[in-house]
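# Structural description and commentary
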Amino acid sequence: RDHPQVQLFTAPGNAGTGALGTNLPIEGTDLDGLVRWASAEKPDLTIVGPEAPLCAGVVDRFAEAGLPIFGPNGAAARLEGSKVFTKDFLLKYNMPTAAGRGFTDAATAVAYSQTCSYPLVLKADGLAAGKGVIIAQNQAEATETIHRIMDERIFGDAGNAMVIEDFLPGREMSVHVLTDGLAHFILPIAQDHKKLGDGDSGPNTGGMGAYAPAPFATDALQKQIAREVVEPVLASLHKEGIDFRGILYIGLIWTAAGPQILEFNVRGGDPETQILLPLLETPLVDIFHAVREQRLGQLAIRLNALHAVTIVLAAAGYPGTPETGAPIEGLELELPDTFVFQGGTKQRGKDVVTSGGRVLSVTAWAGDLATARDLAYQRVAKIHFAGSQYRRDIAARLTLE
């Protein structure tokens, strides 16, 4: 909105992107349709947000057509697209990660689970919208979950294979790395809240809220993560011949033994992106062009000294089948230093209505975390839709313990 000369097109978009530009009737995984539109319209840059088109190879298709695009190629996207590939990669290069292995049949997986200590972490191999990780407390739960993933296919083709690994107790954190394959820049460490309910109760979700910078991320801790995790990962990708250009999300857990790698995403986390954007002073498009053109090392990325908090408002039924079609009230109201990012929304006449599980991310920023948190909850209180559910304890636990 500050640059009226910029035209924004989103495929397929939602009510929020429709208010900022033009939504296109093209699904994100319709690679032929996306290439066809971009070849005709010649956008200056295409930015890929979700994981599905990245894992489907949209960046490779655009590159073949000579179209500028930001995001990692298909080979790099396997870090998110396949948990088995990632576990094999981490073990091959002796990265700090939980002991475990991948499986392609249920019987072998069950037999392995009978040799393990509990709790045990079970992961569907493919994309499952952030919900494909289940923690089994005992052998009976593990056996049932393995059959549900691999035989009943509760996550569809994501259950063609799976990973079983040791459970690591500790504090999770999200590390986002901008890299062009040569240089890299680590963004402020963020804290996500994966569980649906207050006090980290209930089922796993795609994320119910986040804050950054994490107060426990001291200079010493950040240097240790850079030294023991980020730099070895990027060096190992280079050894594998993987040209990673984009945003590498490293999901870590801080244990008694230090940082351990839980997972990779090959794009900005959701809801972490919503809190990292207010902390960036350097224009995002400048960063994206520098990454794509492998000149990130020449760009001085500037951060401000703010703190940001985001609270996710989810639909009734989430993380199962969400109830959709509920009109959303309060979006037009404004509060300084806040922004409402729309997720599962669509326009229906004059109304914005719910159309997915995680509907809105209400974000606020301030000079300190407590003020940002208060502002975010003040903005949440102005929004209403039937069945709305959200956590009341985002950014309430601020230590590593």
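Located above this text is the structure these notes cover.
All values reported here derive from a predicted model rather than from experimental measurement.

### Focus on the packing of aromatic side chains
Considering all chains together, one arrives at seven aromatic pairs under this definition. Where Phe89 meets Phe264, the ring centres are 6.4 Å apart and the plane angle is 65°; that geometry is what we call edge-to-face. Remark: Phe264 occurs in strand S16 (residues 258-265) and Phe89 occurs in helix H6 (residues 83-92); sequence separation between them is 175 residues. On the accessibility criterion, Phe264 (2% relative accessible area) is buried. Taken together, the aromatic side chains of Phe89, Tyr93 and Phe264 make up a single cluster linked through ring pairs. Its guanidinium or amino end placed over the ring of Tyr390, Arg392 lies 4.0 Å from that ring's centre, counting from NZ or CZ.

### Observations concerning unusual backbone geometry
Going from Tyr118 to Pro119, the amide bond is cis rather than trans, its omega being 5°. For Pro119, the location among the structural elements is in the loop between helix H7 (106-113) and strand S6 (120-124). Going from Tyr318 to Pro319, the amide bond is cis rather than trans, its omega being 10°.

### What about empty space enclosed by the protein?
Per the stated rule, a full pass over the model turns up one cavity of 30 Å³ or more. Taken as a whole, the largest cavity holds about 50 Å³ of empty space. Elements supplying a minimum of two residues to the lining of the largest cavity: H6, strand S8 (162-166) and S16. Partitioned by chemical class, the residues of the lining of the largest cavity number three nonpolar, two polar and five charged.

### A short note on the pairing of strand S17 (residues 307-314)
Burial within S17 is extensive, with seven of its eight residues counted as buried. Two elements, strand S14 (residues 209-212) and S17, share four bridges in a ladder whose sense is antiparallel. Looking at the pairing, Gly209 lines up with Ile311 of S17. One ladder, built from eight bridges, connects S17 with strand S21 (residues 358-366); its direction is antiparallel.

What counts, and at which threshold
- Residues numbered from 1 in each chain as written.
- Predicted model: local features only at pLDDT ≥ 70, side-chain atom pairs only at ≥ 80, totals over all residues.
- Heavy atoms only, no water.
- Phe/Tyr/Trp six-rings, centres within 6.5 Å; stacked < 30°, edge-to-face > 60°.
- Helix = DSSP H or I, 4+ residues; strand = E, 2+ residues; numbered from the N terminus.
- Buried < 20%, exposed > 50% of the residue type's maximum accessible area, 1.4 Å probe, protein only.
- Lys NZ or Arg CZ within 6 Å of the ring centre and 35° of its normal.
- 1 Å grid on protein atoms, 1.4 Å probe; cavity = no way out; pocket = protein on both sides within 12 Å on 5 of 7 lines; lining within 4 Å.
- Points joined across faces, edges and corners; volume = space filled by probe spheres on them.
- Nonpolar A, V, L, I, M, F, W, Y, C, P; charged D, E, K, R; others polar.
- Pairing = 2+ DSSP bridges.

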